[in-house]
Structures are given as structure tokens and as C-alpha cells.
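Here is how the chains run, residue by residue.
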Amino acid sequence: MIDTIYVEAAITGHPRALSIIHRFPKARVIECTSYQEVFNRRQQNFRVQKTHPALILAHKSKPRLHPVPEGQHLGATHNYYFSHLLNCPFDCRYCFLQGMFASANYVLFVNYEDFVTEIADVCATHSGPVHLFSGYDCDSLALEPLSNFAAHFVAALAEIDNAVLELRTKSTQIRSLLKTSPNPGTIVAMSLAPESVAANLEHGAPPLGERLRAMRRVQDHGFKVGLRFDPIIPISDAASVFRHFFAQVFAEINSSSVHSVTLGGFRLPKAFAKRMVRLYPNEALFAGPRDELNGTLIYRGDVGDNTVAIARNELARYISADKILLQHSVDQPEIPPQDAHPQ
Amino acid sequence: MHTLTNLIVALPSEAAPLIDNFRLSRCTKARGLKVYGRDNIRLVIAGVGKIAAAAAVGYIAGTEPADARHIWINIGIAGHATLPKGSLAIAHRIIDRATGATFYPAFACPVPCDSYSLTCHDAPNTAYADAEMHDMESSGFFATASRFSSVEFIHSIKVISDNSARDIGLLTREIISEMIGVHAATVKSFAARLECLADSHLAPGIALPLEALLARWHFTATQQSQLRDIARRWALVRADHEWPGDAFARCKSSRDVISHLNAELEQTPIQLSSSAES
Ligand code: SF4
């Protein structure tokens, strides 16, 4: 329950801000000049704030679209990410947002129309499909009842011929999607992990079974679905855990009509990892064996035991190897770029 | 490492009911400021104004152990144009009238009263034109306390003492003490809630003893910090192995020790069930 809302003075009259504030009649509403005064200041504790996050309503100025880092896309030529929201109501212990942001408060940028205009402008400069990732700095759907993000963007981006929107989520907030006509330019991508990983590390996120059922409903409704197995947490007994896990996944999801599947090792920029250890000094997840590569820590299961490779082999029982996209892994094999054009 | 709750007040009349309620006694070693305390609670009578409040915070932070976790609560009277006299309020924004600097205390647990913006003045002011509280300490208090603690643990709690210049003229020491005293128990339970939050979320890392290793070899400052980190990781993933294993038998230098212990860690996979700091 949100009991503190910060709102930038410039948007106190914005209809979206007003309607969100209206939903929380008991919340204290505090005006600020810029969201950064509250969100970016030093001397905040992400872990403590996570117990009781506030909502910050803000205006996002340009640039609103950013190029996607290499090795983090679905193989298209033009890839951008944008963030209508910073942070997430779930509390995955491996989440890099803990190391990236000083604050666990949610920042919701209410000027959706400006995002859509900028997306249209950028798409107009490219002739091929433009992949737009909305779940880099947040979970795309987890705050849907509050944000109406998917309801707005799925419909708005359907008007842009070459726009392909990826909604990435662990949540089961699919009601607005089920009310929207599916279009070929939207991929609903669910992040999944074996039950033991989800139970131990994905605090507050729906259990595997609920995520799969939500995914199935979205697939049945006609949306393209993607599966995201990223990060693969290094665990012992990986082969049997992943065999059982993928059997569960593909008992619910029709593998032949899955749009894309990604798999990635557990990796963290070193600076983020350092902050996360400071927040959770007694978390064994960050204490295991790891390699350092160009400023990134790559956690592995054991010497000679690459959980990503094991998971990939198990996954290949259901999905052809050329459809599995590896996202930055220690021993990433050469995979030809895949055109994820939705048409 | 322990959690200290620090109460910063301007006036002796504000302090008196808190000293009673928290059962504090005078710290005879304190110099230059009146400090009261008991166990993990400190109260400083800072004097009036933001500089005095800042000095009081600095004094406590400088005299307590460097690894203490601090909770800071500034308690005192404040003016407001319309709030009922005697009511309790907490600041959700503090504006330094002289500099324009703005601070936002963060609420990470339920608070015991309504919250308002608080403007901090350099000199007495009774032109309470807007819906804000007014005091003379909060900005100096907050700016300094935020050097030592994160903003979830720094709060200004005010008792509304007056709505106008005329009211101020009627305030006596007894009235102020009575107004604060009414809310002392509430302040105490809020402080306890913050302490609980700090204890459960600011826990230090597990520490394994380093003395034997440090006595045997010379470790540079950087190596000592690497060694502390290795010991923390060891406690988490190799708890069932003796620490530091066979390092004494096998190593010839501090550098050897670090690479030997690191190599041991690199062979040890994490067990998911032990990985659950929520
Ligand atoms: S669901 Fe995603 S964004 Fe949210 S906490 Fe987990 S990893 Fe982070």
C-alpha cells in the first residue's frame, strides 16, 4: 500500500498524476521540484526503503529512448529500451536494480504521450522492425493496475508499423492485456525460474505455476509470448532441476508458437555487486564462485560446472537451439543473429 | 555494532519530559553540551538554532564508536497557522528558508501522526502564512545527520506550540514541558520502531576471526580488506569447513594466504537453501 506520493510541481495538474493520487486518498502527497531530489540523493538505503516504498510521479524529459546494450536483445538490428517506471514491487535478491538505484521508491513517468511520440519519431528513421524493451528498469506489468502502462502503450504502438514492444514481467497482472486486441507488434515475455530459485530468491513474485497460467491465457488470447530464463542462477544438481523445470513450463506453454526464448547467466556489473553485498552482506548468492570479465562479475556454479550450458541443453529438448538466444554468458557460443521480426 | 537512538532537542524544557520518560541520566563526561543517556539512547540539549542542532549531531557522531548505527530524532516545538496547539506532527519535507536547501525524510515504517512541510528559519518568525510548520533547528539537524545515517532514520517530530506571535508570548517552560510530555510515549514507540527496522535491515556481515592470520603474516590495508571479504564469503558458503582451513600449513606469505583461500572459495558452489536473506 502506497502511503507517500511525491509529485513534481510541474505535473501536479497532469490528468494521469491526478487520477493516481486520487486512488490513494490517505497517502501524504509531497511536492518536489524534480524526482531526482528524492530518488537520486545519497544516503538512502535501498533495502530499508524496499519494505515501504513511496511513489514518485514525474515527467520524463528527452531522451526517453536508449540503445540496448550489446547482447541484450532478440537479434533485431534496431533495439531501444525505455522506462516509464523505475523499480518494481517484487524483491528478487539477484535484481541489479538494487545495485543501480540509490532508492527503492517507484518513479512513474506520467507523460506517456511524449514517450509514444518519441518512439514514433525513432521508428520513422528505420525501415526494419524496431524492438522496444520496456522492462529494463522495472517489471513491465507488475504495477499495471496503478499505471495502465500496457493498456496505453500496446494500443498506441500498434499504430506504428515497425514498432515491436516487449513487455517483460514476472507478474500475473494481465487483465488489461486480455481486454486489448492482440497485435503482432507486442511480445509478452515472462521471466521464469525453477521453483526452488523462485521460492528462495524472488521474494513477492508470483509462484511459477501462476506465472505459467497467466502466460498461457495471454498466449490463448492471441499475443506472442516470449520466455526469459535470465538470470540462470548457478545451482547444484542443475541437470535434474532444469529437466523438471522445463517439463513444467512446456506442459503449460505451447513451444511451437513461442516467439523467442532467452537465456542468460547470473552476472552483475562489479560496482552494482559491491553495493548489493553492502545491502545484503549475509547473502550467500553473492558469495559463490565467479569470474570477472570487463568489469562484470559472472557467477558460476562450480569449477567446470556451467549451469547456463546445462540449462541450455535441457531447454533444447523443447526449443530448437537456433531459437535460444544467449544473453551475455561466460562461454557464449556463436549464435547467428536472429531476426525477431514479428510479421 | 549497535544501534543508537539520538534525541536532539533545543530547550531544557523540551528535554525534561523526555529525560523522565526515557529514564535518562546526565552523562558527566560530555563537554560543551548537556548530554543525557542510558544504554543505547542519547539526548542532547543543543540550544536554539540550526547551527546548534548541527553541532549536537556532530558531537554525538564523533564521540560514539565509528561503527554505531544512528537513529536521529529532532523533537521540539514548532509554529503552524492552523493546527491545534499541542498536536503532534512529523516533517515530510524540510526547507531551509535562508538557503533554499530542501530535505526529504523518508518514511520506511508507519509514523505516529500526520506529516507536514517544515520551514526552518534563522531567526524567530511568526508570519505563519502557509500550511507549513516553522522551527529553527530542523535543516541543520537533517543536513548533518544525513552524513551519518540514511534518510529513513532521520526525523523531525514537532509539537505545535503556537499559531501566532501572541501565542508565543504566552508560552512558559512549564507549558512547553507539558506539551512535549503528552507525546513522550508516542515518540518512544516510534523510536523503538525505527530501531527494530535498523536492527533487521542494517545487519553487519558475519565475521570470522582474522587475528591468527594477521599475527602470523603482514597484510597491507588492501589485503586486510580482501581478507575480511574472503572470511565473510567463507562463512556463507563454507560454513561446514574449518576456517581458515590448511592456510597455516600451506602458505608462505600474506599473498599466498589470499590466493589459497580464494581458490578454496572458487571450488565451493552455493547451496540455494542457504541463500535466503530476505
Ligand atoms: S521482477 Fe525483475 S525488476 Fe522486479 S525485482 Fe525481480 S528482477 Fe528486479
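Rules used throughout
- Residues numbered from 1 in each chain as written.
- Chains lettered and ligands numbered in written order.
- Predicted model: local features only at pLDDT ≥ 70, side-chain atom pairs only at ≥ 80, totals over all residues.
- Heavy atoms only, no water.
- Pairing = 2+ DSSP bridges.
- Helix = DSSP H or I, 4+ residues; strand = E, 2+ residues; numbered from the N terminus.
- Axes fitted to C-alpha atoms, helices over the stretch in contact; angles between N-to-C directions.
- Contact = heavy atoms within 4.5 Å.
- Parallel < 35°, antiparallel > 145°, perpendicular 65-115°, else oblique.
- Left-handed = near helix turned anticlockwise from the far one by under 90°.
- Nonpolar A, V, L, I, M, F, W, Y, C, P; charged D, E, K, R; others polar.
- Domains from an automatic or database assignment.
- Buried < 20%, exposed > 50% of the residue type's maximum accessible area, 1.4 Å probe, protein only.
- Arc of directions from axis to C-beta.
- Polar contact = N/O pair within 3.5 Å; in protein donor to acceptor, adjacent residues only side chain to side chain.

### Observations regarding the sheet that holds strand 15 (residues 267–269) of chain A
Residue and element names in this part refer to chain A. Overall, antiparallel pairing links the three strands, which are arranged 15-17-16 in an open sheet. Strand pairing shows two members of the sheet lacking a second neighbour, strand 15 and strand 16 (290–293), which therefore form its edges. Each strand of the sheet is rotated relative to its neighbour by a mean of 25°, with strand direction disregarded. Alignment of strand 16 against strand 17 (residues 296–299), held across four bridges, turns out to be antiparallel. Paired with R290 across the strands is Y299, a residue of strand 17.

### Some words on the side chain of T119(B)
With respect to the helices and strands, T119(B) occurs in strand 8 (residues 115–120). Those residues in contact with T119(B) that lie beyond four places of it in its chain are I95(B), R97(B), E132(B), M133(B), H134(B) and D135(B).

### What about the environment of V197(A)?
Residue position: V197(A) is located in helix 9 (residues 195–201). Placed 36 residues apart in sequence, V197(A) and I233(A) show a C-alpha to C-alpha distance of 7.4 Å.

### Some thoughts on the packing of helix 1 (residues 12–21) of chain B against helix 5 (residues 173–182) of chain B
Residues and elements named next belong to chain B. For the pair helix 1 and helix 5, the least separation of the axes is 8 Å and the interaxial angle reads 40°. With respect to each other, helix 1 and helix 5 are oriented oblique. The handedness of the crossing between helix 1 and helix 5 is right-handed. Every residue of helix 5 that contacts helix 1 at S13, E14, A16, P17 and L18 is listed here: R173, I176, S177, I180 and G181. A breakdown of the residues in the contact of helix 1 with helix 5 according to their chemical character gives five nonpolar, three polar and two charged.

### Structural notes on the packing of helix 1 of chain B against helix 6 (residues 184–201) of chain B
The axes of two packed helices give the description: the angle between them and the distance between them. Residue and element names in this part refer to chain B. Running from N to C, helix 1 and helix 6 cross one another at 65°; their axes reach a closest spacing of 10 Å. As helix 1 packs across helix 6, the resulting crossing turns out to be right-handed. Residue-level inspection shows P17, L18 and N21 of helix 1 in contact with helix 6, the latter providing A184, A185 and K188. Looking at side-chain class alone, the contact of helix 1 with helix 6 contains four nonpolar, one polar and one charged residues.

### Brief notes about the domain arrangement of chain B
Taken domain by domain, chain B holds domain 1 (3–201) and domain 2 (211–277). When each unit is reduced to the centre of its C-alpha atoms, the spacing between domain 1 of chain B and domain 2 of chain B is 45 Å.

### Re helix 5 of chain B
All names here are of chain B. Taken together, the buried positions of helix 5 are occupied by I176, S177, M179 and I180. Down the axis of helix 5, the buried set is contained in an arc of 160°. They therefore lie on one face. Residues of helix 5 that are exposed and angled more than 90 degrees away from the buried face: E174, E178 and V182.

### Points about the environment of R193(B)
All names here are of chain B. By the secondary structure assignment, R193 is in helix 6. For R193, a relative accessible area of 36% corresponds to the partly exposed category. Spatially, the C-alpha atom of R193 lies 8.6 Å from that of P110, the residues being 83 residues apart in sequence. The contacts of R193, once residues within four sequence positions are left out, are C109, P110 and V111. Within polar-contact distance, the side chain of R193 engages the backbone oxygen of P110 at 2.7 Å.

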